[in-house]
Amino acid sequence: MSEVLVLVDHVDGAVSKPTLELLTLAGRLGEPSAVFIGPSGQGAEAAKKLGEYGAAKVYVVDDTEVKGYLVAPKAEVLAQLVEKTSPAGVLLVSSYEGKEIAGRLAIKTGSGLITDAVDVADDGTTTQAVFAGNYTVQAKVTHGTPIVTVKPNSAAPEAVGAAGAVEEFAATISDSAKKAQIVASQPRQASGRPELTEAAIVVSGGRGTGGDFAPVEGLADALGAAVGASRAAVDSGWMPHSFQVGQTGKTVSPQLYVANGISGAIQHRAGMQTSKTIVAVNKDEEAPIFELVDFGVVGDLHAVLPALTEKVKERKG
Amino acid sequence: MNIVVCVKYVPDATADRQFESDNTVDRVGVDGLLSELDEYAVEQALQIKEKRSDEDITITALCVGPEKAVDAVRKALQMGADKGVHVSDDAIAGSDYGATSLVLAKAVQKIDAEEKVDLVMCGMASTDGSGSVVPAMLAERLDYPQVTFGSKIETQGDQVRIQRDGDVATEIIGGSMPLVLSVTDQTGEARYPSFKGIMAAKKKPMETWSLADIGVDAGEVGLSVAWTTVEAATARPPREAGEVHTDEDGSGAGALADFLASKKFI
Ligand SMILES: Cc1cc2nc3c(=O)[nH]c(=O)nc-3n(C[C@H](O)[C@H](O)[C@H](O)COP(=O)(O)OP(=O)(O)OC[C@H]3O[C@@H](n4cnc5c(N)ncnc54)[C@H](O)[C@@H]3O)c2cc1C
Ligand SMILES: Nc1ncnc2c1ncn2[C@@H]1O[C@H](COP(=O)(O)O)[C@@H](O)[C@H]1O
């Protein structure tokens with residue numbers, strides 16, 4: 001069976017959940033091999049988890065010549081592994097970085113590239129949601145090694161217990177790949193709430209909050225939810241950009257999305273339209289968000305949300 | 001300094017967008033415009049030119065697309081770009097990322113041969129494809145450094161520094177020109193063309209290039225040789241209209257709590 005390369009997304013060796021999802025999808029196409037770029041000690045540790053979720057092999061690539069530079073060196077590592085293993089495909093997480101590595105790899109290897117897949121079938125057919133989620137597209141790579149970036153939350157990780165055998169791989173990084181330097185890096189501060197793209201429930205606020213996010217955050221905490229925001233709320237400086245849901249923010253697809261004081265512009269919909277259940281509180285009954293809802297309340301969020309939060313707390317005991 | 005800004009012509013997101021029978025995006029039968037996210041790139045190019053007013057800076061707007069796509073170039077000229085280049089050829093229709101980046105790279109090389117290019121600027125994503133991959137592919141093809149997804153841009157001499165807001169960290173990325181620079185919608189609102197700008201745009205140089213002009217063989221691009229194929233494109237069924245409750249005397253919270261309980265969220 002052919003190998004399928006999965007680029008491991010990790011922070012200091014801690015493997016992200018979307019990586020485990022990729023391993024599950026890779027198992028449909030062939031035998032998953034994880035590619036861990038980082039210190040070898042961390043790689044050996046991560047290999048246990050990667051094996052548990054389906055990686056037969058874990059290529060550990062020392063990152064001394066990779067870290068400190070943007071994207072290009074990682075694409076070189078993957079290109080060399082593609083050369084060595086002739087894999088049935090390469091899967092990466094659909095992040096800024098994942099997509100850009102994939103783009104460069106596609107050019108290097110003369111391969112077709114599909115971005116933002118939400119599913120990958122046994123025969124390599126991918127599913128994407130396009131045009132703000134208004135269309136579903138089935139596509140396939142027809143040339144070279146299929147390279148696919150997959151959105152978080154696209155599959156349920158399965159603990160299948162594979163070997164996770166570590167194989168050190170020495171990559172050669174060209175000088176030309178070291179031309180864009182990471183001059184400084186400031187880790188994002190943890191919010192203490194669930195990760196926006198991974199949360200089962202997301203409670204968002206928009207311009208209608210008037211800048212007071214306390215009612216939104218109160219409800220989110222009562223529901224154990226992540227907090228999101230519209231671009232209007234982010235542009236006003238009320239919330240950091242990392243909270244933004246939509247075309248130029250995060251795409252979320254939770255079990256429940258609660259939009260408060262958000263009108264429902266197409267660019268916002270693009271990031272939340274595939275949520276399973278949608279609820280909105282908006283004082284304008286004509287707001288387009290009401291076209292999407294399973295349940296909507298026409299009312300002032302500053303009154304409705306605190307009262308709702310109390311009721312949620314009561315019912316949850 | 002010589003700046004090339006890549007601007008894409010896209011179907012209007014606020015109107016109906018659709019696919020053709022061959023599953024390519026309908027770019028002719030629908031209203032189109034300069035991708036809003038590329039306006040931010042044009043804006044940042046203009047700001048660089050304004051900040052470095054003692055230098056001789058040329059901004060060329062470059063677009064690959066069908067005949068109508070010239071509108072995107074025109075808009076960039078109205079905003080303040082100096083020159084326009086529109087690469088248009090029937091053979092390009094249906095091109096995927098790989099072929100699009102090839103055509104863009106060859107066009108940049110032709111501009112570079114006339115006058116050395118320092119910056120190739122792009123939007124963070126096109127509003128139709130949302131791939132966010134063409135800038136990285138361009139950098140790969142041109143062998144330029146990529147300094148991408150900048151939310152803050154600074155240039156000094158031949159050095160460029162950006163702030164890049166990633167998922168786990170905010171980074172400062174630096175590189176030397178020539179390079180590919182992409183900018184996000186966090187860089188600040190793009191200007192509207194002024195009346196003066198609209199009038200001035202009519203006199204600005206604008207060239208239309210075919211594939212032959214940039215040395216690309218028609219057999220290298222287009223739908224028939226694309227490295228990916230779209231097998232089906234289906235409109236998502238509209239969501240069924242749900243219940244909307246008007247909050248009177250504080251009844252809204254209770255109704256919503258009942259709904260959430262019925263769905264087992266509480
Ligand atoms: C290229 C591009 C990319 C974009 N990307 C994004 C994106 O990623 N994410 C995004 O969100 N937007 C994005 N936008 C912006 C988008 O078009 C809208 O401008 C934005 O979503 C509006 O945010 P809003 O709904 O919070 O504000 P508004 O549209 O102003 O709506 C505010 C709503 O709050 C309601 N309201 C006011 N007061 C109250 C109250 N007290 N109680 C209850 N309701 C109240 C109002 O009735 C109104 O419906 C993008 C735009 C462009 C052009
Ligand atoms: N056909 C095109 N013509 C000009 N620029 C383009 C074209 N396609 C993509 N670009 C540039 O590449 C960026 C990213 O595009 P994409 O990878 O398609 O999301 C856009 O914001 C543009 O700056």
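Here's a quick rundown of the structure. (Residues numbered from 1 in each chain as written. Chains lettered and ligands numbered in written order. Predicted model: local features only at pLDDT ≥ 70, side-chain atom pairs only at ≥ 80, totals over all residues. Heavy atoms only, no water.)

With respect to the interface of chain A and chain B
Rule in force here: Here a residue-residue contact requires only that any non-hydrogen atoms of the pair lie within 4.5 Å. Each of two parts loses accessible area, computed with a 1.4 Å probe, when they are put together; buried area is these two losses added. Salt bridges are identified by distance alone: a Lys or Arg side-chain nitrogen within 4 Å of an Asp or Glu carboxyl oxygen. Here a polar contact is recorded for every N or O atom pair within 3.5 Å, except that within protein the pair must consist of a potential hydrogen donor and a potential acceptor, and residues adjacent in sequence are included only if both atoms are side-chain atoms. Where helices and strands are cited, they refer to DSSP runs of H or I of at least four residues and of E of at least two residues respectively, numbered from the N terminus. Three categories are distinguished: nonpolar for Ala, Val, Leu, Ile, Met, Phe, Trp, Tyr, Cys and Pro, charged for Asp, Glu, Lys and Arg, and polar for the others, with Gly belonging to the last. Two strands make a pair as long as DSSP finds a minimum of two bridges between them.
With 85 residues of chain A in contact, the opposing surface of chain B contributes 79 residues. Summed over both partners, the interface of chain A with chain B buries about 7,000 Å², with 58% contributed by carbon and sulfur atoms. Across the contact surface, chain A and chain B share eight salt bridges. Viewed at the interface, chain B and chain A are joined by 41 residue pairs in polar contact (both at pLDDT 80 or more). When residues of the side of chain A that touches chain B are assigned to their parent elements, the largest contribution, nine residues, is made by helix α4 (residues 96–109) of chain A. For the side of chain A that touches chain B, the class distribution of residues is 38 nonpolar, 29 polar and 18 charged. Across four bridges, the pairing between strand β17 (residues 295–298) of chain A and strand β13 (residues 243–246) of chain B is parallel. Along β13(B), the bridge assignment pairs V298(A) with T246(B).

Topic: the packing of helix α3 (residues 97–114) of chain B against helix α4 (residues 134–142) of chain B
Residues and elements named next belong to chain B. Rule in force here: The angle between two axes is taken between their N-to-C directions and runs from 0 to 180 degrees, where each axis is a line fitted to C-alpha atoms and a helix contributes only its stretch in contact. Note that the term roughly parallel is reserved for angles under 35 degrees, roughly antiparallel for angles over 145, roughly perpendicular for angles of 65 to 115, and oblique for everything else. A crossing counts as left-handed when the near helix is turned anticlockwise from the far one by less than a right angle, and as right-handed when that turn is clockwise.
Their axes nearest at 9 Å, the elements α3 and α4 cross at an angle of 55°. Judged on the interaxial angle alone, α4 and α3 are oblique. The hand of the α3/α4 crossing is right-handed. On the side of α3, the interface is formed by Y97, G98, S101, L102, L104, A105, V108 and Q109, while α4 contributes V134, M137, L138, R141 and L142. The class makeup of the residues in the contact of α3 with α4 is nine nonpolar, three polar and one charged.

Quick word on the site of ligand 1
As a reminder of what qualifies: Each residue is tested against the molecule or strand, and it is near if at least one of its non-hydrogen atoms lies within 4 Å.
Around ligand 1, a shell composed of 27 residues is seen, among which R207(A), S230(A), S263(A), Q267(A) and N282(A) lie nearest. Around ligand 1, the neighbouring residues derive from chains A and B rather than from a single chain. Interatomic distance of 2.6 Å between a side-chain N/O atom of S263(A) and an oxygen atom of ligand 1. Elements supplying a minimum of two residues to the shell around ligand 1: α6 (231–235), α7 (266–269) and α8 (301–316) of chain A together with α1 (36–51) of chain B. In terms of residue class, the shell around ligand 1 is made up of six nonpolar, 15 polar and six charged.

Here's the deal with the site of ligand 2
Residues and elements named next belong to chain B. We count it as follows: Note that accessible areas follow from Shrake-Rupley with a 1.4 Å probe, and for residues the cover is restricted to the protein chains shown.
Taken together, 19 residues lie around ligand 2, and C6, D38, V64, S126 and S132 are the ones closest in. In the model, an oxygen atom of ligand 2 is placed 2.4 Å from a nitrogen or oxygen of the D38 side chain. Within the backbone of S126, one N or O atom sits 2.8 Å away from an oxygen atom of ligand 2. When ligand 2 is considered free in solution it has 480 Å² of accessible area, and contact with the protein chains removes 98% of it. A per-element tally of the shell around ligand 2 places strand β4 (residues 58–64) first, with three residues. The residue inventory of the shell around ligand 2, partitioned by class, reads 11 nonpolar, six polar and two charged.

Concerning the packing of helix α3 (residues 72–85) of chain A against α4(A)
In a packed pair of helices, the relevant descriptors are the angle between the two axes and the axis-to-axis distance. Residue and element names in this part refer to chain A. Running from N to C, α3 and α4 cross one another at 50°; their axes reach a closest spacing of 9 Å. Overall, the two elements α3 and α4 adopt an arrangement that is oblique. Regarding α3 and α4, the two cross each other, and that crossing is right-handed. Counting all contacts with α3, which are made through A72, K74, A75, E76, L78, A79 and V82, the residues of α4 involved are E97, I101, R104, L105, K108 and T109.

Overview of the pattern of salt bridges
Going by this rule: Burial classes: relative accessible area under 20% of the type maximum marks a residue as buried, over 50% as exposed, and values in between as partly exposed (1.4 Å probe, protein chains only).
Tallied over the full model, the rule gives 29 salt bridges over all chains. K74(A) is the salt-bridge partner of E97(A), the closest N and O atoms lying 3.3 Å from each other. Of the two residues, E97(A) is situated in helix α4 and K74(A) in helix α3; the sequence distance between them amounts to 23 residues. The exposure class assigned to E97(A) is partly exposed, which follows from its relative accessible area of 29%. Linked through salt bridges whose partners overlap, the residues forming this network are R104(A), K108(A) and E140(B).

Digging into the sheet that holds strand β4 (residues 31–37) of chain A
The 10 strands are arranged β11(A)-β5(A)-β4(A)-β1(A)-β6(A)-β10(A)-β7(A)-β8(A)-β9(A)-β12(B) in an open sheet whose pairing can be described as mixed. Whereas interior strands pair on both sides, the edge strands pair on one side only; in this sheet they are β11 (165–168) of chain A together with β12 (228–235) of chain B. Adjacent strand axes in the sheet meet at a mean angle of 35°, parallel and antiparallel pairs treated alike. Across four bridges, strand β6 (residues 89–93) of chain A lies against strand β10 (residues 147–150) of chain A in parallel orientation. Across the sheet, L91(A) pairs through a bridge with V148(A), a residue of β10(A). Running at roughly 175° to β10(A), α4(A) makes contact with β1 (3–7), β6, β7 (113–120) and β10 of chain A of the sheet.

Considerations on the environment of G219(B)
All names here are of chain B. Mapped onto the elements, G219 comes out in the loop between α6 (211–214) and β12. Its relative accessible area of 45% is what places G219 among the partly exposed residues. Sequence separation between G219 and Q159 is 60 residues; the distance between their C-alpha atoms is 38 Å.

Notes on the pairing of strand β8 (residues 159–165) of chain B
Residue and element names in this part refer to chain B. Most of β8 sits inside the fold, with five of its seven residues counted as buried. Strand direction decides the pairing type here: strand β7 (residues 146–156) and β8, joined by six bridges, are antiparallel. Note on β8: the bridge partner recorded for Q156 is Q159. Where β7 folds back onto β8 in an antiparallel hairpin, the turn is made up of two residues, including G157, whose phi is positive at roughly 55°. In this structure, β8 lies alongside strand β9 (residues 169–176), joined through seven bridges in antiparallel fashion. Among the inter-strand pairings, R164 is bridged to a residue of β9, identified as E171. What sits between the antiparallel neighbours β8 and β9 is a turn of three residues.

Topic: unusual backbone geometry
Note the cis peptide between M177(B) and P178(B), where omega equals 0°. Summarising the element assignment, P178(B) is placed in the loop between β9 and β10 (179–183). Even without being glycine, V71(A) reaches a positive phi, approximately 55°. In this fold, V71(A) is placed in the loop between β5 (57–61) and α3. Residues other than glycine seldom take positive phi values, yet S86(A) does so here, at roughly 40°. Residue placement: S86(A) occurs in the loop between α3 and β6. Note on S86(A): relative accessible area 54%, which makes it exposed.

Everything listed is a geometric property; what it means functionally is a separate question.
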